[in-house]
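# Observations on chain architecture
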Protein chains: 4
Amino acid sequence: MALTTEQRVRRAAVKLFAAKGFHGTGIRDLAQAAKISSASLYHYMGTKEDLLVDIMRECLDRLLLAARRALDTVDDPADALSALVTLHVMAHAAQPDETRVVDNEVSALSRAPRRRIVALRDQYEAIWADTIDKGVSAGVFDAPEPAVTRLALLEMCTGVARWYSPRGPLPLDRLAARYAQLALRMLGSPALLGGDGAERAREVAAEVWRIRP
Amino acid sequence: MALTTEQRVRRAAVKLFAAKGFHGTGIRDLAQAAKISSASLYHYMGTKEDLLVDIMRECLDRLLLAARRALDTVDDPADALSALVTLHVMAHAAQPDETRVVDNEVSALSRAPRRRIVALRDQYEAIWADTIDKGVSAGVFDAPEPAVTRLALLEMCTGVARWYSPRGPLPLDRLAARYAQLALRMLGSPALLGGDGAERAREVAAEVWRIRP
Amino acid sequence: MALTTEQRVRRAAVKLFAAKGFHGTGIRDLAQAAKISSASLYHYMGTKEDLLVDIMRECLDRLLLAARRALDTVDDPADALSALVTLHVMAHAAQPDETRVVDNEVSALSRAPRRRIVALRDQYEAIWADTIDKGVSAGVFDAPEPAVTRLALLEMCTGVARWYSPRGPLPLDRLAARYAQLALRMLGSPALLGGDGAERAREVAAEVWRIRP
Amino acid sequence: MALTTEQRVRRAAVKLFAAKGFHGTGIRDLAQAAKISSASLYHYMGTKEDLLVDIMRECLDRLLLAARRALDTVDDPADALSALVTLHVMAHAAQPDETRVVDNEVSALSRAPRRRIVALRDQYEAIWADTIDKGVSAGVFDAPEPAVTRLALLEMCTGVARWYSPRGPLPLDRLAARYAQLALRMLGSPALLGGDGAERAREVAAEVWRIRP
DNA sequence: GATGAATGAGGTTTCATTCAT
DNA sequence: AATGAATGAAACCTCATTCAT
């Protein structure tokens, strides 16, 4: 089935914003990639910035939704962290363009939308902080500076969007498992192979992003 | 002592490119930040892109130099990795603007300079790959997919430039030590406190960037 | 009937390039003369140079077309030369701006378009060379250095664009006839009044440039 | 003997103005060609326009001087015209850059200097007009529209600067003689080989421009 | 729903020129 | 005599956006 014009616009924007940055992408680039005239673009979006905000919000909304759903049914901190890492890595590997836009283009937003986007990001990171804190409190994680560890973990996982290619030799689930292992090592937690956090994360990823690893 | 105009230009560029991106920074922004007219900018640079290239090259040159110097006197793989992580983290924490420019603005370069910059970056990453491979061969590191581990490590350490603030509670050397510990954990290597890799790295950092933690 | 915007742009460019030269004419001058904003100019042209190239090419194309058509039905060398001179003079007198642009602004072109324009000009001059050679071979023309004579003839006729005014006392056909006479004298050929070369040239001029003397 | 800086500036200007036009030549082009800094240029000239005016005036002054001197000792109209053509052609062939600047860049002048330059040019052309008129009055020349003939002659001779190369096969005196013959033919006057107009012109040219054919 | 035409504002870069050293 | 530093103005061109059709 063919793509809607609106979808073409969205995808063009995601691809171009990821590749050349928001300021590096012109309205005409977008129009050309979406195969419509630049005037017609304005039937499918507000301003260029609105388009960026939409992309970012949807991406973050899904990430938040996924994290919350996954943690809903998981209690053990190591399992929970596994789930978070798995989700984050899968999302960033499967949607590198969207996530890179979220990560790199916040500075292109004007004040009001930036506040909103940053608030979403903060909510998401709070979930990670929470999970780590619980693990530390429970004595399962060893993290002398939990905030540092959280940021190290997040940057490590986010970085996947900058280099992972689905055409490479490593399948998505192997990648995610590898990262979960790395994360637990960082937290001084014995790697629990087959913990059901990762399993739950894969289910959620399938629901939220229709990812089939 | 007052800053040279050339230095003011360079610093303005680094700060603005880091904060708003290359395409988000106008010539007039640069001129205003450097306190000269926009025409005068062109006494101190070629094009705006040349300025970007200069910044990137110098930053990468120093990173390469530092890595090579540090590894010159270090043999043990765990020590070597400690040294690399320490250097990388210190550089990114102490010069977050420069390093963010290097990391984020490669796509703003036109073909020829991009090739040159990417070549430098590849040389640098090859040093990490080498170090990890040696550790794996020596049985000191456990890294089933060494390339993945390398990228995870690099992204984790590079991420420091995105959040670390020298005004925060964590001093630079504590931060670096923490990251070295995380890195060794990721490689399944027992944390060697007081290994002289980190020590050597601090010396080199002092020479290359005049960082005094 | 009113002029198209595109036509206004073209005419403004021809007039200004002729009067002040390509480099002496600014985009704003063009816009003002065409009665649109300078940004709007770019809907009707590529770069300023593209506009120049278009003007030159069209002018030369027509000149070539006219020369070929006229010589198609003329055999006698004196008649042929009469036709060439008549056409050239009529074109330069009726379209002094276009032809002055062609003559004066070749040096403003960058390499690739210059090659193309010069090639056209060379084709045109080859027709003159051919005609002169034939007359010399036939013993009708006396031209010890045919190349010199050709250049002298061309410069003489081209010069018309630099001084002729349709508001002056001399009507176009009288001017052309005068020049044909001068040309034949230069070639030592008895002036043939009423030779049908000039007649044919007038027909072609009417077709190609809609000139009605 | 080496050239004065002032001479280098003058020659650079002549060459560049001829090749790329006044507006197409930048101050930095001039400085580079004269091998001094662009600031230093201003020790040797007023404004860029002043430099242009100087070049034009000197060129026209010499042409006027030469024409007057030559005609001083020549009476016969055919001889006089021979002299004028010879001088003009020699000047334009030997100093193509100067004369092309005079011919092409008048429109680059602002009002006041333009008036002065045009006045000089008019004086010079008046000499030609005078000479032709005398010949017509004397029944030596056949020129139904003397003004047209004058302009045709001038354009033909001036055109030499656009194509003649001293490296070509035709020596300067042969070229001049050829043009004198063409001119007399145009005027319906029997070619007088060896008339002393041309001889006198060659003497004057040697004095005024140090041309040795 | 789609677009050609249009534009004010702003993009980067170059202009001719001045001046302190 | 010579120039590096400096600049306001202007160069060409592209920007995101609007609107009548």
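Residues numbered from 1 in each chain as written. Chains lettered and ligands numbered in written order. Predicted model: local features only at pLDDT ≥ 70, side-chain atom pairs only at ≥ 80, totals over all residues. Heavy atoms only, no water.

Right, let's talk about the interface of chain A and chain B for a bit. How big an interface is tends to be stated in terms of the accessible area lost upon association of its parts. Across the boundary between the two partners, chain A contributes 29 residues, which contact 29 residues of chain B. Taken over both partners, the interface formed by chain A and chain B buries close to 2500 Å², and the fraction arising from carbon and sulfur atoms is 58%. Summed over the three residues of chain A that lose the most area to chain B, namely Glu155, Arg178 and Arg185 of chain A, the buried surface amounts to 23% of that side. Viewed at the interface, chain B and chain A are joined by eight salt bridges. With a shortest N-O distance of 2.2 Å, Glu145 of chain A and Arg174 of chain B are connected by a salt bridge. At seven residues, helix H10 (residues 172-186) of chain A tops the list of elements feeding residues into the side of chain A that touches chain B. When its residues are assigned to classes, the side of chain A that touches chain B shows 14 nonpolar, seven polar and eight charged. (Contact = heavy atoms within 4.5 Å. Buried area = accessible area lost by both parts, 1.4 Å probe. Salt bridge = Lys/Arg side-chain N within 4 Å of Asp/Glu carboxyl O. Helix = DSSP H or I, 4+ residues; strand = E, 2+ residues; numbered from the N terminus. Nonpolar A, V, L, I, M, F, W, Y, C, P; charged D, E, K, R; others polar.)

Here we take up the relation of the copies chain A and chain B. You can overlay chain A on chain B at an RMSD of 0.1 Å; the transform is a turn of 180 degrees with a shift of 0.1 Å along its axis. Classification of the inter-copy transformation places it as that of a two-fold axis. When C-alpha positions in chain A are compared against the rotation axis, the closest is assigned to Met156 of chain A, at 2.1 Å. A shared interface surface links the copies, since 100% of the contact residues of chain A are contact residues in chain B too. (Least-squares fit on C-alpha atoms with pLDDT ≥ 70 in both.)

Residues in close proximity to DNA strand F total 29 residues, the closest being Ser40, His43 and Tyr44 of chain B together with His43 and Tyr44 of chain D. Among all atoms of DNA strand F positioned within 4 Å of the protein, those belonging to sugar or phosphate total 59%. For DNA strand F, a base nitrogen lies 2.5 Å from a polar atom in the side chain of His43 of chain B. One of the side-chain N or O atoms of Ser40 of chain D is found 2.8 Å from a phosphate oxygen in DNA strand F. Of all elements in the fold, only helix H2 (27-34) and helix H3 (38-44) of chain A, helix H3 (38-44) of chain B, helix H2 (27-34) and helix H3 (38-44) of chain C together with helix H3 (38-44) of chain D reach the threshold of two or more residues within the surface near DNA strand F. Of the residues in the surface near DNA strand F, the class split is twelve nonpolar, 13 polar and four charged. (Near = heavy atom within 4 Å. Polar contact = N/O pair within 3.5 Å; in protein donor to acceptor, adjacent residues only side chain to side chain.)

Here the focus is the protein's contact with DNA strand E. Near DNA strand E lie 29 residues; those nearest to it are Tyr44 of chain A, Ile27 of chain B together with Ser40, His43 and Tyr44 of chain C. Within 4 Å of the protein, the atoms of DNA strand E are drawn from sugar and phosphate moieties in a proportion of 56%. One of the backbone nitrogen or oxygen atoms of Ile27 of chain B is found 2.6 Å away from a phosphate oxygen of DNA strand E. Interatomic distance of 3.2 Å between a side-chain N/O atom of Arg28 of chain D and a base nitrogen of DNA strand E. For the surface near DNA strand E, the secondary structure elements donating two or more residues are H3 of chain A, helix H2 (27-34) and H3 of chain B, H3 of chain C together with helix H2 (27-34) and H3 of chain D. For the surface near DNA strand E, the per-class residue count stands at twelve nonpolar, 13 polar and four charged.

Under the feature "domain: HTH tetR-type" (unreviewed entry), the UniProt entry names residues 3-63 of chain A. Between the first and last C-alpha atoms of residues 3-63 of chain A the distance is 24 Å; the span itself is 77% helix and 0% strand. (UniProt positions renumbered as here; feature names shortened; annotations may be inferred.)

On to the domain arrangement of chain A. Residues and elements named next belong to chain A. Domain boundaries assigned for chain A yield domain 1 (1-45) and domain 2 (46-209). Just the C-alpha atoms count here: the centres of domain 1 and domain 2 sit 27 Å apart. Listed as interface residues are 15 residues of domain 1 and, on the opposing side, 15 residues of domain 2. Together, Arg10, Phe22 and Met45 form the three largest contributors to the area buried by domain 1 at its contact with domain 2, with a combined 44%. The partner of Glu58 in a salt bridge is Arg10, with the nearest N and O atoms 2.8 Å apart. (Domains from an automatic or database assignment.)

With 29 residues of chain D at the contact, the number on the chain C side is 29 residues. Buried area between chain D and chain C, both sides added, is near 2500 Å², and the carbon and sulfur share of it is 58%. Considering only the surface of chain D that becomes buried against chain C, Glu155, Arg178 and Arg185 of chain D emerge as the three largest contributors, covering 24% of it. Between the two partners, chain D and chain C, sit eight salt bridges. Here Arg162 of chain D makes a salt bridge to Glu155 of chain C, at a shortest N to O gap of 2.4 Å. Linking chain D to chain C there are twelve residue pairs in polar contact (both at pLDDT 80 or more). Every element with two or more residues in the side of chain D that touches chain C is listed here: helix H1 (5-20), helix H8 (146-158), helix H9 (160-163) and helix H10 (172-186) of chain D. Ranked by the residues each element gives to the side of chain D that touches chain C, the list is headed by H10 of chain D, at seven residues.

Before going further, it helps to spend a moment on the relation of the copies chain D and chain C. Once turned by 180 degrees and shifted 0.1 Å along the axis, chain D lies on chain C with an RMSD of 0.1 Å. The share of interface residues of chain D whose copies in chain C are also at the interface is 100%, consistent with both copies meeting through the same surface.

Before going further, it helps to spend a moment on the side chain of Thr99 of chain D. Residue and element names in this part refer to chain D. Assignment of secondary structure puts Thr99 in helix H6 (residues 96-104). At a separation of 3.0 Å, a polar atom in the side chain of Thr99 contacts the main-chain carbonyl oxygen of Gln95. Other than its neighbours up to four places away in sequence, Thr99 contacts Cys59, Ala91, His92 and Ala161.

Considering the arrangement of structural elements, one finds Leu170 of chain C in the loop between helix H9 (160-163) and helix H10 (172-186). Here the alpha-carbon distance between Leu170 of chain C and Arg212 of chain C, two residues 42 residues apart in the chain, equals 14 Å. In contact with Leu170 of chain C, other than residues within four places in its own chain, are Tyr164 and Leu175 of chain C together with Glu145 and Val148 of chain D.

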